[in-house]
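Reading the structure
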Amino acid sequence: MHRKLSDYPKGVVRRFKRQRVARHNRMVLEKYKGQNIYYVMRPNIEECGLATTIRCVLSHAKYASEKGYRLVMDYQNRKNPYLTQQEVGKVNAWEYYFCQPSDVGLEDIAGADNVIVTEENQLPICPTDSMEFYTNECCVAYWRDIYRKYIRLSDEAETFIDQQRKLIFGDSAEKVLGCIVRGTDYIQGRPLNHPVQPLPEDVLKKAGEVMEQQGYGKLFLATEDANVLKMFQKKFGDKLLYVEQQRYEDGKTPLALQKDFAKETSPKEEGMKYLAVIYLLGECDALIGGRCGITTIAHLISSGFEYEYLWNLGRYHTDDYCLPERYL
C-alpha cells in the first residue's frame, strides 16, 4: 500500500519537498545553461514584517544579479502576514507594495520551463542588523545601490506614503529625529541571537536629550507597542509624530498573531502603514533606537543621517553574561 505524502511527519515532508525543488532546479540549470532563467523567490516567512522580508529579498537580488537570473517575487503561494487565508495562492502580496524586481510577474512565467525556485529566506551575504554593518559606509552604500535597483514602490504604495508624509510632516521646516522602539513583547521574548533592545525608558530619556542638545523640533516614533506610544505622547506632546496603525495592546503577543489583528482594516492596509513607517523613518534627519530589520532598511532608504545613536548591547542569550541586571 502506497503512503501519501501527508502521512509522513512534517519534517520529512519539508525535506522531501526541498529535495524535489533542488532536483528540478538542477535539471533547469543544465537544460538552459547560458540562456534566460527566471529565479522565483518564495519566502517562508509567516510572521516576519516587511523590513525583514526586504532584507531577505536583497540577499537574493544580489545572488540573482551575479548569476544573470531574472528575480521574480512569489509572495503568493505561501502564508504571509499580508494575505488573508482566502487570498493565499491567488494574490501576490509583494505587488501590493512593490514592483516586481525584473518587471516580470508570476502570471508572465506560468507554465514556463526555464524557472527555478528558492524557498530560502535569507542568504548568508545580506544587509544585517550588526554594528559592523551600520558603521561601514562602504557596506551601506553597496546595499543601498542594490536596494534602489530592485526595490521599487508600487504606484499604490507610493501614493499612500506620499499622503502619510504630507499628513504627518506637513510643510514644517523643523528637523525631525527618528526613533525606533521595539515592543515589550520583543524584550520579554528575548529571541535567540537577536540584538538586545534598549528599554523604552532609556530611549525616551535619550530622545529628550538629543532633541534639546541637537535642536530637533519634532520626533517621529516607530513602535508597535501601544504603551510605548503613550509614554512618548506624555513626554513630547504635539512634538511627537507617528503613523496611525494597529499596535500591541497586551505587550506579550506578537502583533501578527493577535486575535484581532487587522480586524478594523485588513492585512494589506496594516502592511501599507508599516511600509510608510519604514520610509518616513528613512527620511528623518537623525536616528536613534535599537537594532532590528527596520533600522537596517531605514539606512538603505536614507541618504545618510546627520546624527545617529544606536544601542549596542549584544545579542540575546549570547551576551547575557555582560548585560546589566535590568536587561535580563
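All figures in this text were calculated on a predicted structure; none of them were measured in a lab. (Residues numbered from 1 in each chain as written. Predicted model: local features only at pLDDT ≥ 70, side-chain atom pairs only at ≥ 80, totals over all residues. Heavy atoms only, no water.)

1. Comments concerning the packing of helix H10 (residues 267–282) against helix H11 (residues 293–301)
The contact between H10 and H11 brings their axes to 7 Å, and the two run at 55°. By the criterion of interaxial angle, the relationship of H10 to H11 is oblique. Classified by chirality, the crossing of H11 by H10 is right-handed. Packed against H10, whose contacting residues are Tyr274, Val277, Ile278, Tyr279, Leu281 and Gly282, the element H11 presents Ile294, Ile297, Ala298 and Ile301 at the interface. Here the residues of the contact of H10 with H11 are counted per class, giving nine nonpolar, one polar and no charged. (Axes fitted to C-alpha atoms, helices over the stretch in contact; angles between N-to-C directions. Helix = DSSP H or I, 4+ residues; strand = E, 2+ residues; numbered from the N terminus. Parallel < 35°, antiparallel > 145°, perpendicular 65-115°, else oblique. Left-handed = near helix turned anticlockwise from the far one by under 90°. Contact = heavy atoms within 4.5 Å. Nonpolar A, V, L, I, M, F, W, Y, C, P; charged D, E, K, R; others polar.)

2. Quick notes on the environment of Pro200
Residue position: Pro200 is located in helix H8 (residues 200–214). A C-alpha to C-alpha distance of 6.4 Å links Pro200 and Val181, two positions 19 residues apart in sequence. Apart from the residues lying within four places of it in its own chain, the contact partners of Pro200 are Val181, Ile187, Val228, Met231 and Phe232.

3. A few points about the nonpolar core
Phe98, Tyr147, Ile151, Phe220, Leu275, Tyr279 and Ile294 are the most contacted members of the largest nonpolar core, which has 66 residues in total. Not counting residues within four places of it along the chain, the set of residues in contact with Leu275 comprises Leu50, Tyr97, Phe98, Leu153, Ala157 and Ile161. Of all hydrophobic cores here, the second largest spans 29 residues; its members include Cys179, Met211, Val228 and Leu240. (Core = buried A, V, L, I, M, F, W, Y, C linked by side-chain atoms within 4.5 Å. Buried < 20%, exposed > 50% of the residue type's maximum accessible area, 1.4 Å probe, protein only.)

4. A short note on the side chain of Asp319
With respect to the helices and strands, Asp319 occurs in the segment after strand S8 (307–310). In this structure Asp319 touches Leu313 and Gly314, once residues within four positions along its chain are discounted.

5. Comments concerning the pairing of strand S5 (residues 218–222)
In terms of burial, S5 is a largely internal element, five of the five residues being buried. By the alternation rule, side chains of S5 split into Lys218, Phe220 and Ala222 and Leu219 and Leu221, which are all buried. Note: strand S4 (residues 176–180) against S5, five bridges, orientation parallel. Looking at the pairing, Ile180 lines up with Ala222 of S5. Where S5 and strand S6 (residues 240–241) come together, two bridges link them in parallel fashion. Its bridge partner being in S6, Leu219 is matched across the sheet by Leu240. Between the parallel pair S5 and S6, the chain is carried across by helix H9 (residues 226–236), and the sense of this crossover is right-handed. (Pairing = 2+ DSSP bridges. Right-handed = clockwise from strand over helix to strand, strands pointing away.)

6. Details of the sheet that holds strand S2 (residues 70–73)
Across the sheet, which stays open at both edges, the three strands sit in the order S2-S1-S3 with parallel pairing between neighbours. Strand pairing shows two members of the sheet lacking a second neighbour, S2 and strand S3 (115–118), which therefore form its edges. Going from strand to strand, the sheet's axes swing by 30° on average, the running direction of each strand aside. Taken together, the four bridges between strand S1 (residues 38–41) and S2 define a ladder with parallel strand orientation. Looking at the pairing, Tyr38 lines up with Arg70 of S2. Each of S1, S2 and S3 is contacted by helix H2 (residues 50–67), which is oriented at about 165° to S1, the strand it contacts most.

7. With respect to the packing of aromatic side chains
Two measures describe an aromatic ring pair: the distance that separates the ring centres and the angle between the ring planes. Applying the stated rule across the entire model yields twelve aromatic pairs. Centroid distance Tyr63 to Tyr69: 6.3 Å. Interplanar angle 65°. Geometry classified as edge-to-face. On the basis of relative accessible area, Tyr63 is assigned to the partly exposed category, the value being 31%. Tyr69 gets classed as buried once you look at its relative accessible area, which sits at 16%. For the pair Tyr142 and Trp143, a centre-to-centre distance of 5.4 Å together with 85° between the ring planes defines the contact as edge-to-face. Members of the aromatic cluster, joined through ring pairs, are Tyr39, Tyr63 and Tyr69. (Phe/Tyr/Trp six-rings, centres within 6.5 Å; stacked < 30°, edge-to-face > 60°.)

8. As for unusual backbone geometry
Backbone geometry at Arg190 places phi at a positive 45°, although glycine is not the residue there. If you trace the backbone, Arg190 turns up in the loop between helix H7 (184–189) and H8.

9. A word on the pattern of salt bridges
Within the structure shown, the criterion is met by 17 salt bridges. Lys175 serves as the salt-bridge partner of Glu306, at 2.9 Å between the closest nitrogen and oxygen. You can see Glu306 sitting in the loop between H11 and S8 and its partner Lys175 sitting in the loop between helix H6 (155–168) and S4, a full 131 residues away along the chain. Residue classification places Lys175 among the partly exposed positions, given a relative accessible area of 33%. (Salt bridge = Lys/Arg side-chain N within 4 Å of Asp/Glu carboxyl O.)

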